[in-house]
Every structure is written in C-alpha cells, then in structure tokens.
Amino acid sequence: MKSQKRPVVLLIMSWLILLIFLPGFRAEKIESISLSGAVERIDKEQKVVILNGEKIVLSSNTLIVNEEGKRLSLDDIKPNAQIVVEALRYLSNQKVEATKIIVRTSKRNVLPK
C-alpha cells in the first residue's frame, strides 16, 4: 500500500511545482514599432529620449547612427533633432526600448508635424 501512495504523492508534488513556477516562464509579448519626429527631451543619465510624447529607453544594445550609417553617441542627439526610431514595445508594461536610432541630418523626407 505504501508503494502505491508514493507515485501519487510524487505526481501531486510535480503538478504543484509546475503550477507555482510555470507562470514565471511565460514568453513576454513584444511588438516591433517605428517612430519618427523631433526629439522633445533627452535624459542622458537615465538614457531616455522623449519623442512624440513617448518615453523611449536606450540600452547598451541601442545602435545610434546618422543617415549614412556612421555610428553616433547619445551626445550627438540634440533637442529638436529629427530622428527615426526602431524599437520594441513590451506589451506587459508598455515599455518602449530602442534598438536603432537614425539621426536625420538632411531635411529631405522629413514628415510634417
């Protein structure tokens, strides 16, 4: 009788462990977005750019380039600069993280306000 209870107890314990830890392993829902416009504000300490009222977080993986593809730094982005941002929006908390920022230096193809 004791040997029959052991598999049942192990099965119940396994299910409890799965129910407790499995929700933490769910995949984060992410969407790719593209934004363009004039930079409203830059916070270099927190690595945040405000564009069209949207807070965009920069990470160490964010690539900043000009139209020719030359690498730039956050210091090269100025308020009112025209930029195009490729980013990921995390749907769970609506955080927007930039993957690539293109700083526009020419006036061609700039979207009207």
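About the criteria used
Residues numbered from 1 in each chain as written. Predicted model: local features only at pLDDT ≥ 70, side-chain atom pairs only at ≥ 80, totals over all residues. Heavy atoms only, no water. Pairing = 2+ DSSP bridges. Helix = DSSP H or I, 4+ residues; strand = E, 2+ residues; numbered from the N terminus. Axes fitted to C-alpha atoms, helices over the stretch in contact; angles between N-to-C directions. Salt bridge = Lys/Arg side-chain N within 4 Å of Asp/Glu carboxyl O. Buried < 20%, exposed > 50% of the residue type's maximum accessible area, 1.4 Å probe, protein only.

A. Summary view of the sheet that holds strand β1 (residues 30–43). Spatial ordering of the closed barrel is given by β1-β2-β3-β5-β4, a layout of 5 strands whose pairing is mixed. Strand-to-strand twist across the sheet, computed as the mean angle between neighbouring axes with direction ignored, equals 55 degrees. As judged from the 4 bridges shared by strand β2 (residues 48–51) and strand β3 (residues 54–66), these two strands associate in the antiparallel manner. For L51, the partnering residue across the bridge sits in β3 and is E54.

B. Spatial organisation of the pattern of salt bridges. In total, this model carries 4 salt bridges according to the counting rule given. One salt bridge in this structure joins K44 and D75, with 3.4 Å as the shortest N-O distance. Of this pair, K44 sits in the loop between β1 and β2 while D75 sits in the loop between β3 and β4 (82–90), and the two are 31 residues apart along the sequence. Under the relative-accessibility criterion, D75 is labelled partly exposed at 47%. The closest approach of N and O atoms between K95 and E97, which form a salt bridge, is 3.6 Å. Overall, the relative accessible area of 17% leaves E97 in the buried class.

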